[in-house]
Amino acid sequence: MAESSEYLTATAQAYDAMAVRYAEHVNALAGRMPLDQAMLTAFAQFVRTAGAGPVADLGCGPGHLTAGLRDLGVDAFGMDLSAEMIRLATAAYPDLRFEVGSMRDLDLPDGGLGGVLSSYSLIHVPPVELPPYFTEFHRVLAPGGHLLLGFFESEGEPVTVFDHRVTPAYRWPVDRLAGLARDAGFEEVARLLRRPQEGERFGQGYLLMRRP
Ligand SMILES: C[S@@+](CC[C@H](N)C(=O)[O-])C[C@H]1O[C@@H](n2cnc3c(N)ncnc32)[C@H](O)[C@@H]1O
């Protein structure tokens, strides 16, 4: 057990050290990612329409997307492994709830959420460790709840590790990720793949899934 959680400790420490720079980076991108924003907006609309409960922004970082969901009329809260990220999020958005924790083992009841947002927060999970995360997302979502996943796409290659500027990360073929989510009981609603924008190295993807 200790061995399999070493990557979580490493991830938390790396984001603690880089939290201020990461927050500056995402703030500089505000308003410059129309396709990413379109998926967040669609996700928010699906969640509002289903009316199945609040949204957990898991691996929320500095909280900008939690606040974005709030601005889209969604009851959202954030959670992150990194205490420094949670400190920044709480300072920036004092009206929202943020807490430290791991999305691998959520301290949340079964079926209480209308949505889970995992925006680039599964990217550091070693592939062999990934299936239980989807099981956990499925457990905490209510029937009719939605999952929005943001990730780096592998562009025709198998799962590939790369030197992410914070800590090593993985690029995934969209079909493999969608398959893992389906194995956990999700059905696919939509997917979006986009080419790298200026300053990015890789294509990026979004999967919108629903718990039937
Ligand atoms: C690349 S950042 C993404 C932050 C934000 N969601 C965004 O889209 O900009 C990845 C975040 O996920 C968090 N994270 C990684 N693994 C996690 C886990 N198992 N549980 C909770 N947070 C995690 C990291 O601490 C980091 O803040």
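Residues numbered from 1 in each chain as written. Predicted model: local features only at pLDDT ≥ 70, side-chain atom pairs only at ≥ 80, totals over all residues. Heavy atoms only, no water.

By the naming in an unreviewed UniProt entry, the chain goes by Methyltransferase and is assigned to Sphaerisporangium rufum.

All right, on to the environment of Q204 then. By secondary structure assignment, the location of Q204 is in strand β9 (residues 204–210). According to the relative accessible area criterion, Q204 is buried, its value standing at 6%. Sequence separation of Q204 and G73 is 131 residues, and the distance between their C-alpha atoms is 26 Å. When near neighbours in sequence (up to four residues on either side) are disregarded, Q204 contacts D36, Y120, F151, F152, E153, L192, L193 and R194. Polar contacts involving the side chain of Q204 include one to the side chain of Y120, which spans 2.6 Å. Of the polar contacts made by the side chain of Q204, one reaches the side chain of E200; its length is 3.2 Å. (Helix = DSSP H or I, 4+ residues; strand = E, 2+ residues; numbered from the N terminus. Buried < 20%, exposed > 50% of the residue type's maximum accessible area, 1.4 Å probe, protein only. Contact = heavy atoms within 4.5 Å. Polar contact = N/O pair within 3.5 Å; in protein donor to acceptor, adjacent residues only side chain to side chain.)

The next point concerns the site of the ligand. If you check the shell around the ligand, you find 21 residues, and the closest are Y22, G59, D80, M103 and S119. Interatomic distance of 3.2 Å between a backbone N/O atom of L81 and a nitrogen atom of the ligand. Within the backbone of M103, one N or O atom sits 3.0 Å away from a nitrogen atom of the ligand. Taken by itself the ligand offers 600 Å² of open surface, and the protein chains cover 98% of this. Elements with a contribution of two residues or more to the shell around the ligand: α1 (6–29) and α3 (64–71). Ranked by the residues each element gives to the shell around the ligand, the list is headed by α1, at 5 residues. Within the shell around the ligand, the residues separate by chemical class into 11 nonpolar, 9 polar and 1 charged. (Near = heavy atom within 4 Å. Areas by Shrake-Rupley, 256 points an atom, 1.4 Å probe, with all protein chains shown as cover. Nonpolar A, V, L, I, M, F, W, Y, C, P; charged D, E, K, R; others polar.)

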